[in-house]
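Here's the letter readout for the chains.
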Amino acid sequence: MKKRFLTTLLAGAAGLTLAAGAAELSPAAAEKALFDSTARHLDFGGNYYNYLSIDGMPGQFEELLVSMLTASGEADSAEVADVVKLVSGLLNFEVVQAFGSSSIIAADAPGVYVNKSFIRLSEAQPKGVLFDLAGRENRKLAGLKMIPANTRLAFGLHLDPGPAWKTLSAALAGSQNEEVKNLPAEAARQAEQTLGCKFDDFLAGLTGEAFFLLTSDGTLPDIQPKLLLILPDGKGLLAQLILKHADELKLRKESDTLYTLQDSTLPPFVKPRLILEKGRIVIASSADIYDLARADGGAATAPELAPYFRDMPGDGLGFLYLNVPASLVQSAIQLGAIASESEELAALQPALAKIPGLTVFSVSRKEAEGYAGVMRSNLSAAQLQVAAPMLVYSGMLLPALNQAREKARRISCVNNVKQVMLGLTMYANDHDSRFPADNGAAGLNTLVKDDYLTDFTCYICPSATDDKGSGNLTEDTCSYIYLGGTDLAKEQAPSKLPVVFDKPGNHRKGVGVGFADGHVEQIDLPRYHSPEQVIDYLVQNRGLPEETGKVLKQKLQKWNAAQTE
């Protein structure tokens, strides 16, 4: 009886084992299990659902790629196969089995969509450079507390470049090509010469959370963007590298932990600074952007933005926040059409006007079965697939807009200089061919007092931030440098003698110059930061006598000295 019972039990166990094996080998059952494991990270019942099984496809793509690259017969098939195998091993896409995404309307915010995505992997901790870079462990995202309400773009991610470098080095070491095999060691050697430390130590110091922030104030065309970048520097080696080149970078030491960038070519609202903190460095385009980012509240508490942050995870691999208001998009489109003078773009304006604003907050996380992403947005996943390219196109209009806007301002600036030169010419006609004797705003103020040019707008460059003056003209209300005392009766070549020109900072490289004979030109001076550059350029390229150049530089020295008194 007992023997019969044991025999029956063993037979049943064997049957269950065979049944399990049969189920494991069944393609339909395996596909169903793969779908279920992906679907549990998504939402059913919404307006969008997508699932794609790609199990085994990366390997087939590798073979196809080798065939395509060697089809012409010009490339060595063995070398191509080695390179493709190397890249494939580094990326290790073979572990990707499936991808899914979904979109539903948020229950707590009717105008917000919850978009989810999931990449299903065959291994819990796969090898590969991309997986090393993406991260393998969820950590607290401190940058989520540093998003002001006027943020346009913010993202944070945890860096750990050491493992990625080791994976890359190990993969290249297995190459059949000697140059490729030795590449990691040579790259590390050259990096250590530049850095002055072990390359592995430098990479280890970069481990931690990096954060980038872009905010904007104002509206187009006078928008003022501000930037903030925080990088981990656990060993202080990145700070050492930057300070090693402080002079080249034009950094001025304000304290042991604060350095400012001295560059007069930057817009007035941009005042870059480098802040050295324990374990990280902070690069800010202005002082207030860092203070604003560290203030409590921000976008997460703004009534119109809070629904995008609600119930979102506070830890993960990284996050992305993007907020482009519809008003900003429409302004960019309208101004872009005007700036480009394109009939085609103007015809597309009614269609482009329907482009909505975009608000997105997304967090990526590592799960046991793969990588998951959850996003809250004012657009569904399906709408994002349509709107994203349109927003990219809108962004492409901005460079044309900026160029056209600056061109218009430079033309207006040249007209200002022409008006100043006309005033000086009329003054000289009444004063024995002599221009006002004083340099700078004091000399030009003679035109104001004696009613030769009383319109203060003519003394302000459209690209500058100087305030329009009243009463007496001062250096704060004048955008131009004037070199006084010219006696036209004694000048042999007045067409070569500069009298009035832009102060540094008015434009990035164009400088409007008024000459003693009354004509005005715009000369191209890249990185214009010193008025002496104008004199040197005219001596070297326009035939201004060297002796005259020395006299003009002496006038500039007197003018500079007067500014510091």
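All values derive from a computational prediction rather than experimental measurement. (Residues numbered from 1 in each chain as written. Predicted model: local features only at pLDDT ≥ 70, side-chain atom pairs only at ≥ 80, totals over all residues. Heavy atoms only, no water.)

J.: Explain the side chain of Thr-38 to me, please; I cannot follow it from the model alone.
T.: Position of Thr-38 among the secondary structure elements: in helix H2 (residues 27–39). Residue classification places Thr-38 among the buried positions, given a relative accessible area of 0%. Within the structure, Thr-38 has its side chain in polar contact with the backbone oxygen of Leu-34 (distance 3.0 Å). Setting aside residues up to four positions removed in sequence, Thr-38 forms contacts with Tyr-51, Ala-98, Phe-99, Gly-100, Phe-118 and Arg-120. (Helix = DSSP H or I, 4+ residues; strand = E, 2+ residues; numbered from the N terminus. Buried < 20%, exposed > 50% of the residue type's maximum accessible area, 1.4 Å probe, protein only. Polar contact = N/O pair within 3.5 Å; in protein donor to acceptor, adjacent residues only side chain to side chain. Contact = heavy atoms within 4.5 Å.)

J.: Before we go on, may I ask you to explain the nonpolar core in this structure?
T.: The tendency in soluble globular proteins is for nonpolar side chains to be buried side by side. Membership of the largest hydrophobic core comes to 45 residues, with the highest contact counts inside it found for Leu-424, Leu-444, Val-500, Phe-501 and Val-534. Looking at this core, the elements with two or more residues in it are helix H14 (381–430), helix H15 (440–449), strand S16 (480–482), strand S17 (498–502), strand S18 (510–515), strand S19 (520–524), helix H16 (532–541) and helix H17 (546–564). In terms of residues, this core owes the most to one element, H14, which gives eight residues. The contact partners of Phe-501, leaving out residues within four places of it in the chain, are Tyr-480, Ile-481, Leu-483, Val-511, Gly-512, Val-513, Tyr-528, Pro-531, Val-534 and Leu-556. Membership of the second largest hydrophobic core comes to 30 residues, among which are Ile-147, Ile-289, Ala-293 and Val-374. (Core = buried A, V, L, I, M, F, W, Y, C linked by side-chain atoms within 4.5 Å.)

J.: Got a minute to help me understand helix H7 (residues 178–195) in this structure?
T.: The periodicity of an α-helix, 3.6 residues per turn, causes residues three or four places apart in sequence to face the same way. With 18 residues, H7 extends 26 Å from end C-alpha to end C-alpha; this agrees with the ideal 26 Å at 1.5 Å per step. Along its length, H7 shows its largest kink, about 40 degrees, at Pro-184. Within the sequence span of H7, burial applies to Pro-184, Ala-188, Ala-191 and Leu-195. Next to the buried residues of H7 lie helix H6 (161–173), helix H8 (199–205) and helix H9 (237–244). Phi turns positive one or two residues past the end of H7, at Gly-196, with a value near 75 degrees. (Expected span 1.5 Å × (residues − 1). Bend = angle between axes of the 7 residues up to and from the residue.)

J.: Help me out: how do you make sense of the packing of aromatic side chains in this one?
T.: A ring pair, where both rings are aromatic, is described by two values, the distance of the centres and the angle of the planes. On inspection of all chains with the given rule, the structure shows 10 aromatic pairs. Between the aromatic rings of Phe-131 and Tyr-371, the centroid separation amounts to 6.0 Å while the plane-to-plane angle is 20 degrees, which identifies the pairing as stacked. Here Tyr-371 lies in strand S15 (residues 370–377) and Phe-131 lies in helix H5 (residues 129–134), a separation of 240 residues in the sequence. The exposure class of Phe-131 is buried, given its relative accessible area of 8%. Among the aromatic side chains, those forming a connected cluster through ring pairs are Phe-309, Tyr-321 and Phe-361. Lys-366 extends its terminal NZ or CZ atom over the ring of Tyr-371, reaching a point 5.4 Å from the ring centre. (Phe/Tyr/Trp six-rings, centres within 6.5 Å; stacked < 30°, edge-to-face > 60°. Lys NZ or Arg CZ within 6 Å of the ring centre and 35° of its normal.)

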